[in-house]
Amino acid sequence: MDHIPTIDIAPLGDASHTDFNATVQAVMDACTRIGFLSITGTGVSRDTVNNMRTCVRAIFDIDDDAKWDQAITRENYRGFIPMGFFTPNDGSGKADKYEGYKLHYQVDLDAPIRRDCALYGPNIWPRHVPRAQAVILDYWSKLDGVAHMLLGALEMGLKLPANQLRDAFHEPMTNMSLLHYPPQAPDDTGYGIHPHKDTDALTIIAPDPVGGLEVQTRDGGWITPDCPPDGFVVNIGDMLELWSGGRLKSTPHRVVNRSGQERYSFPYFAVPRHDVVVEPLLTPLPGFDRPSVHCGHWSAEIWRTNWPDETAHDATPELGTLSD
Ligand SMILES: O=C(O)CCC(=O)C(=O)O
Ligand SMILES: [Fe+2]
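About the cut-offs
Residues numbered from 1 in each chain as written. Chains lettered and ligands numbered in written order. Predicted model: local features only at pLDDT ≥ 70, side-chain atom pairs only at ≥ 80, totals over all residues. Helix = DSSP H or I, 4+ residues; strand = E, 2+ residues; numbered from the N terminus. Rg over C-alpha atoms; globule rule 2.2 N^0.38 Å. Buried ≥ 20, exposed ≤ 12 C-beta atoms within 10 Å, placed from the backbone. Contact = placed C-beta atoms within 7 Å. UniProt positions renumbered as here; feature names shortened; annotations may be inferred. Near = placed C-beta within 6 Å. Nonpolar A, V, L, I, M, F, W, Y, C, P; charged D, E, K, R; others polar. Core = buried A, V, L, I, M, F, W, Y, C linked by C-beta atoms within 7 Å. Axes fitted to C-alpha atoms, helices over the stretch in contact; angles between N-to-C directions. Parallel < 35°, antiparallel > 145°, perpendicular 65-115°, else oblique. Left-handed = near helix turned anticlockwise from the far one by under 90°. Pairing = 2+ DSSP bridges. pLDDT = per-residue confidence, 0-100. Expected span 1.5 Å × (residues − 1). Arc of directions from axis to C-beta.

Asks: Please give an account of the overall build of the protein chain that cites residues and values.
Replies: Secondary structure assignment for the protein chain yields seven helices and 15 strands. Relative to the globule expectation of 20 Å for 324 residues, the C-alpha radius of gyration of the protein chain, 19 Å, shows essentially globular dimensions. The principal-axis extents of the C-alpha atoms in the protein chain amount to approximately 55 × 45 × 40 Å. Counting all 324 residues of the protein chain, 42% fall into the buried class. Considering only residue pairs separated by 6 or more positions, the protein chain has 73% of its internal contacts joining residues 24 or more positions apart.

Here it is in C-alpha cells:
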C-alpha cells in the first residue's frame with residue numbers, strides 16, 4: 001500500500017549536515033511515489049500555527065451578512081468565498097461544504113509589477129479581526145521559507161541547476177485559502193472538498209487535529225496522512241509535476257469532515273511569478289505529454305472560471321482535473 005512518510009527536514013537547512021543527502025532522497029522518494037509527505041523540523045513553532053488557527057476561526061466567526069460585503073468578486077478574487085460557492089465540474093451538482101477566505105501574495109497598489117499583471121495587488125484584510133494581517137503575513141513568510149527549502153531539495157533531487165525552481169518564485173503568485181468546514185452528518189455523501197489535484201507547484205498545510213484530509217493511493221483507495229502535531233502536510237501540485245516531466249506526482253485528495261467538529265484549514269499554495277512558463281525542465285517520462293502553462297494566464301483563467309456561468313476556453317490549461 002502507498003504510504004505518506006514523515007520526514008524531518010531540519011537537515012536541509014545545512015548542506016554540510018551528515019543527513020543532508022539522505023533527507024533530499026527521502027523527500028524525492030515521497031514526491032515521486034505518492035506526491036505527499038508530512039514534514040517536521042521546519043522551525044515554524046506550534047505557537048505560530050495555533051495563533052494562525054485561532055485567527056482563522058475568528059475570521060469566520062461573524063454573521064453571514066457581514067461576510068457578503070467582504071466577499072470575492074469577478075474582478076477581485078480576494079475575500080470571503082460563500083458556503084456552497086464551488087461545485088465540482090463533474091456534473092454531480094453537489095457543492096463543496098466549506099466557506100473560504102482568499103488571499104494572494106501581498107503587493108501595494110502602486111507596485112510596479114501591477115503594470116505587467118493586474119492580478120497582483122493588496123489583499124482585503126478582514127475588518128473584524130484587526131490582527132489578521134500581521135498574523136497571516138508572519139505565517140506566510142515562514143511558509144515561504146519552508147517552501148524555499150523544499151524547492152532547493154527538489155532541485156538537487158531532480159539534478160537541476162541550483163535555484164532553477166526557486167528563482168521562479170520572486171514576486172510569486174503564491175496564494176492562501178482560509179477554509180472553514182462545518183461538520184458533516186455521518187450519512188452525508190458529499191465532500192468538504194471534492195476529489196481534486198492541486199494546480200499550483202507545491203502546497204503546505206498545517207492539518208487540523210480533527211482530521212478529514214484523504215489522499216488517493218495508486219490502487220484507488222484513500223489514506224489519511226499521519227502528521228505529528230508540530231508538522232505540516234506537503235503535496236506536489238500540477239506545476240511541479242509538469243516541471244519535472246512527470247517524475248514528481250500531483251495526487252488527488254479530498255476532505256470529508258466527519259469529526260463532528262468545526263474544521264479549519266489554511267493551505268499555502270506556492271505559485272511562480274506571472275511571467276513564468278512552466279514546462280518540463282527534464283525529458284518527460286514516457287507517456288507524459290502536457291502543454292506548458294503560463295502562470296499569469298493560468299491564474300486569470302482560474303479567477304474567471306470560478307464563476308458558475310463562465311466556461312473554460314479550449315485554451316484553458318487542463319490543470320487540476322482528474323481526467324488527464
Ligand atoms: O483543507 C484541507 O486540508 C485541504 C484543502 C485542499 O485540498 C485545497 O484547498 O486544495
Ligand atoms: Fe487541494
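Asks: Describe the UniProt feature "domain: Fe2OG dioxygenase" (unreviewed entry) in the protein chain, with residues and values.
Replies: In the numbering adopted here, UniProt assigns the feature "domain: Fe2OG dioxygenase" (unreviewed entry) to residues 169-272. Taken end to end, residues 169-272 has its terminal C-alpha atoms 5 Å apart, with 6% of it in helix and 34% in strand.

Asks: Any details on the site of ligand 1? Residues and values, ideally.
Replies: Around ligand 1 sit Ser177, Leu179, Ile193, Asp198, Ile205, Leu213, His253, Val255, Ser265 and Pro267, and that is every residue in its neighbourhood. Among the elements of the structure, strand 5 (175-181) and strand 11 (253-255) are those that each provide at least two residues to the shell around ligand 1. A per-class count over the shell around ligand 1 returns six nonpolar, three polar and one charged.

Asks: Which residues make up the nonpolar core, and what are the values?
Replies: The biggest cluster of nonpolar side chains holds 82 residues, and the ones touching the most others in it are Val27, Leu150, Leu202 and Ile204. Top contributing element to this core by residue count: helix 5 (residues 132-157), with eleven residues. Beyond its immediate sequence surroundings of up to four residues, Val27 is in contact with Ile7, Leu37, Leu150, Ala153 and Gly157.

Asks: Provide a residue-level description of the packing of helix 2 (residues 46-60) against helix 5, including the pertinent values.
Replies: Interhelical geometry of helix 2 versus helix 5 gives an angle of 135 degrees and a closest axis separation of 10 Å. With respect to each other, helix 2 and helix 5 are oriented oblique. As helix 2 packs across helix 5, the resulting crossing turns out to be left-handed. Contacts between helix 2 and helix 5 involve Thr48, Asn51, Met52, Cys55 and Ile59 from the first element and Ala132, Val135, Ile136, Tyr139 and Lys142 from the second. Looking at the contact of helix 2 with helix 5 residue by residue, the classes come out as seven nonpolar, two polar and one charged.

Asks: Residues and numbers for the sheet that holds strand 11, please.
Replies: Hydrogen bonds along the backbone pair up the strands of a sheet, which may run parallel or antiparallel. Spatial strand order, 6-11-8-9: four strands in an open sheet with antiparallel pairing. For this open sheet the edge positions go to strand 6 (193-196) and strand 9 (222-223), each flanked by a neighbour on one side alone.

Asks: Let's hear about the pairing of strand 8 (residues 213-216): which residues, and what values?
Replies: Residue alternation in strand 8 divides its side chains into two sets, Leu213 and Val215 and Glu214 and Gln216, and both sets are buried. The pairing of strand 8 with strand 9 spans two bridges and is classified as antiparallel. When the sheet's bridge partners are listed, Val215 is paired in strand 9 with Ile223.

Asks: Go over the packing of helix 1 (residues 20-33) against helix 5, please, and point to the residues and values.
Replies: Here helix 1 crosses helix 5 at 85 degrees, and the two axes come no closer than 9 Å. By the angle between their directions, the pair helix 1 and helix 5 is classed as roughly perpendicular. Each of Val24, Gln25, Val27, Met28 and Cys31 in helix 1 lies in contact with helix 5, whose residues at this interface are Leu150, Ala153, Leu154, Met156 and Gly157. Grouping the constituent residues of the contact of helix 1 with helix 5 by class yields eight nonpolar, two polar and no charged.

Asks: Lay out the confidence of the model for the protein chain in plain terms, naming residues and giving numbers.
Replies: Averaged over every residue, the pLDDT of the protein chain is 93; the share at 70 or more is 94%. This prediction of the complex comes with two scores: 0.95 for pTM and 0.99 for ipTM.

Asks: Break down helix 2 for me, with residues and values.
Replies: When the terminal C-alpha atoms of helix 2 are compared, their 22 Å separation across 15 residues agrees well with the 21 Å that a helix rising 1.5 Å per residue should span. When we look at burial in helix 2, the residues that qualify are Val49, Met52, Cys55, Val56, Ile59 and Phe60. Buried residues of helix 2 fall within an arc of 130 degrees about the axis and therefore sit on the same side. For helix 2, exposure combined with an orientation more than 90 degrees from the buried face picks out Arg46, Asp47 and Asn50. Looking at the buried side of helix 2, the elements it contacts are strand 4 (99-104), helix 5, strand 5 and strand 12 (263-265).

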